[in-house]
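Here is how the chains run, residue by residue.
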Number of protein chains: 2
Amino acid sequence: MKTLRVPEATVTRLSIYSRFLERLDRNGITTVSSGEIAEGVGVSPAQVRKDLAYFGEFGTRGVGYNVKDLLKYTLKILGLDQEWALAIVGAGNLGFALCTYRGFNVRGFHIVGVFDNDPTRIGKRIGDLVVQPLTLFPEIAQKENIRIGVIAVPTSAAQEVADMMVKNGVEAVLNFAPVAINVPDEIEMRNVDLSVKLEILTFNLGFRNAQSL
Amino acid sequence: MKTLRVPEATVTRLSIYSRFLERLDRNGITTVSSGEIAEGVGVSPAQVRKDLAYFGEFGTRGVGYNVKDLLKYTLKILGLDQEWALAIVGAGNLGFALCTYRGFNVRGFHIVGVFDNDPTRIGKRIGDLVVQPLTLFPEIAQKENIRIGVIAVPTSAAQEVADMMVKNGVEAVLNFAPVAINVPDEIEMRNVDLSVKLEILTFNLGFRNAQSL
DNA sequence: TAGATTGTTAATCGATTAACAATC
DNA sequence: TAGATTGTTAATCGATTAACAATC
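This structure is a prediction, so every number in the text was calculated from the model and none was measured. (Residues numbered from 1 in each chain as written. Chains lettered and ligands numbered in written order. Predicted model: local features only at pLDDT ≥ 70, side-chain atom pairs only at ≥ 80, totals over all residues. Heavy atoms only, no water.)

A short note on the environment of D116(B)
All names here are of chain B. Counted only if it meets this: In DSSP terms, a helix is any run of H or I states spanning at least four residues, a strand is any run of E spanning at least two, and both are numbered starting from the N terminus. For the exposure calls, accessible area comes from a 1.4 Å probe over protein chains only, and a residue counts as buried if that area is under 20% of its type's maximum, exposed if over 50%, partly exposed in between.
Residue position: D116 is located in strand β4 (residues 109–116). D116 gets classed as buried once you look at its relative accessible area, which sits at 7%. Considered as a pair, D116 and P133 are 17 residues apart in the sequence and their alpha carbons are 5.4 Å apart.

Topic: the UniProt feature "domain: CoA-binding" (unreviewed entry) in chain A
To keep things clear, this is the line we draw: UniProt positions are given in the numbering used here, feature names are shortened, and annotations may be inferred rather than shown by experiment.
When the UniProt feature table is mapped onto this chain numbering, "domain: CoA-binding" (unreviewed entry) sits at residues 79–180 of chain A. Secondary structure within residues 79–180 of chain A divides into 33% helix and 28% strand; the distance between the first and last C-alpha atoms comes to 26 Å.

Overview of helix α8 (residues 155–167) of chain B
All names here are of chain B. As a reminder of what qualifies: Comment: arc refers to directions from the helix axis out to C-beta atoms. In what follows, a contact means two residues having at least one pair of non-hydrogen atoms within 4.5 Å.
Listing the buried residues of α8 in full gives A158, V161, A162, M164 and M165. Buried residues of α8, viewed axially, fall in a sector of 165°; they line one side. Exposed residues pointing more than 90 degrees away from the buried face of α8 are listed as S156, E160 and K167. Lining the buried residues of α8 we find β3 (84–89), α7 (137–144), β7 (148–151) and β8 (172–175). The first or second residue beyond α8 is G169, which carries a positive phi of 90°.

Concerning the protein's contact with DNA strand D
Note the cut-off: Being near a molecule or strand, for a residue, means having at least one of its heavy atoms within 4 Å of it. We define a polar contact as two N or O atoms separated by no more than 3.5 Å, with the added condition that, inside protein, one atom must be a possible hydrogen donor and the other a possible acceptor, whereas residues neighbouring each other in sequence contribute only through side-chain atom pairs. Only Asp, Glu, Lys and Arg are considered charged, only Ala, Val, Leu, Ile, Met, Phe, Trp, Tyr, Cys and Pro nonpolar, and every remaining residue, Gly among them, polar.
Every one of the 25 residues lining DNA strand D counts as a neighbour, but S33(A), S34(A), R49(A), G59(A) and Y65(A) are closest to it. Here a base nitrogen of DNA strand D and a side-chain polar atom of R49(A) are 2.9 Å apart. Measuring from a phosphate oxygen of DNA strand D, one finds a side-chain N or O atom of R13(B) at 3.1 Å. Secondary-structure elements contributing two or more residues to the surface near DNA strand D are α3 (45–53), β2 (59–60) and β3 (64–66) of chain A together with α1 (8–26) and α3 (45–53) of chain B. Ranked by residues supplied to the surface near DNA strand D, first place goes to α3(B) with 4 residues. Across the surface near DNA strand D, the residue classes break down as 6 nonpolar, 10 polar and 9 charged.

Overview of the sheet that holds strand β1 (residues 31–32) of chain A
Residues and elements named next belong to chain A. Keep this limit in mind: One requirement defines pairing of two strands: DSSP has to find at least two bridges between them.
If you trace the 3 strands from one edge of the open sheet to the other, you get β1-β3-β2, paired in antiparallel fashion. A strand with exactly one partner marks an edge of an open sheet, and here the two such strands are β1 and β2. Pairing geometry for β2 and β3, over 2 bridges, is antiparallel. Note on β3: the bridge partner recorded for G59 is Y65.

So, the domain arrangement of chain A
Which entries qualify depends on this criterion: For every domain, the bounds stem from an assignment made automatically or drawn from a database.
The domain boundaries assigned to chain A delineate domain 1 (8–77) and domain 2 (84–196). A separation of 31 Å is found between the C-alpha centroids of domain 1 of chain A and domain 2 of chain A.

A word on the UniProt feature "binding site: NAD(+)" (unreviewed entry) in chain A
Residues and elements named next belong to chain A. In the UniProt entry, the feature "binding site: NAD(+)" (unreviewed entry) is given for G90, A91, G92, N93, L94 and G95. Tracing the backbone through its elements, the reader meets G92 in the loop between β4 (84–89) and α5 (93–100). Contacts of G92, omitting those with residues within four sequence positions, involve D116 and R121. Here G95 shows up in helix α5. The class for G95 is buried, based on a relative accessible area of 0%. In this view, G95 contacts I88, G90 and A152; residues no more than four positions away in its chain are not counted.

Below, the structure is given as structure tokens:
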């Protein structure tokens, strides 16, 4: 079996290209070149072509790419040509924001449950959803075939929640708690840290001053 | 002038090390080795030592690192030994969540203003804060010396908000809208895309199936 | 001293970029 | 055909890792 190694940065960019193509498509633009995509998202044209080349030949030499087709291809590559049932555990402010975040729903993610074990939150409506007690997770996970779990609980509860998700058949975990979590190798898992990028900014501001001394 | 190039990945990890050290410190642990840090955050020991080596010699050979000291150094490196006045523009669900996100306040970020131009949001309380009309941004930015701006508005308004921030002396911008934004070179700017990592997960799940065909 | 762990160099690995033949 | 842009290879660049001397 030939094992194609695709850099994670390539997948990240693909996701960004794809969103850019959606915008072009909405604006009625039918053809786009690697240079225009590059310009639009802030990378080099060679990078755009190289990223796409991992997956096939999608363009026409001398012409460029058909926007609608390329959009379809990128969505398919990213696995967004299907619906993904997703659950959010933690119905605090962050969980609430994630439930209503349009960015999720637009891209094929279907939130089928929000869970919490705080009695003051259980039963609360968030859009179409009602906050469920955490004890119902196993049942709903099975019924709705939840494949992706989102952790939006405090750091102290994050590992426990991850364990419960894995035990109930979740295949991928997105963790918003700023802590390293252990899951079995076969589970896909990524952290989103809302504060790290802020700290990159403060580092750069401070660093710049230091260098000009 | 010797221009030290520090990889952005190093800064990201430094931020993670620093949070791990906080946890060790809270648990009363006084000494830690590169191996233990590595284990705790999921990187290699060599990586930990290399990352730290960009900035100085913080350990004792044969012994390891003093937790309190190393924590202090990492915070200083990241610029978190000072308070940063920060404003959030956009008081929707995401803006709301960011205002109340403990991860910000704990690390030296001080939210001095939340702004929106939606009349139904203006005047609303969020914790200690009251949502201000966007028109007051210039005044408050000057009074509070806002150096960091956080964009939590819809895609369509993001560029406009960024422009306004820059015009009013903001030095760094953190953008949560899933769109590329143009700012002058001297402005630090990063995007946080809540959906990209989710799409890396779906890519990996799909890709894995494809490879096992 | 023996054992442990750092700081640093050199080797390896991987990703980006430049360049150009292919081709519309 | 001339002009444009892709797909791909080779060169470059940069980051990670392995290894070990320094030293507690």
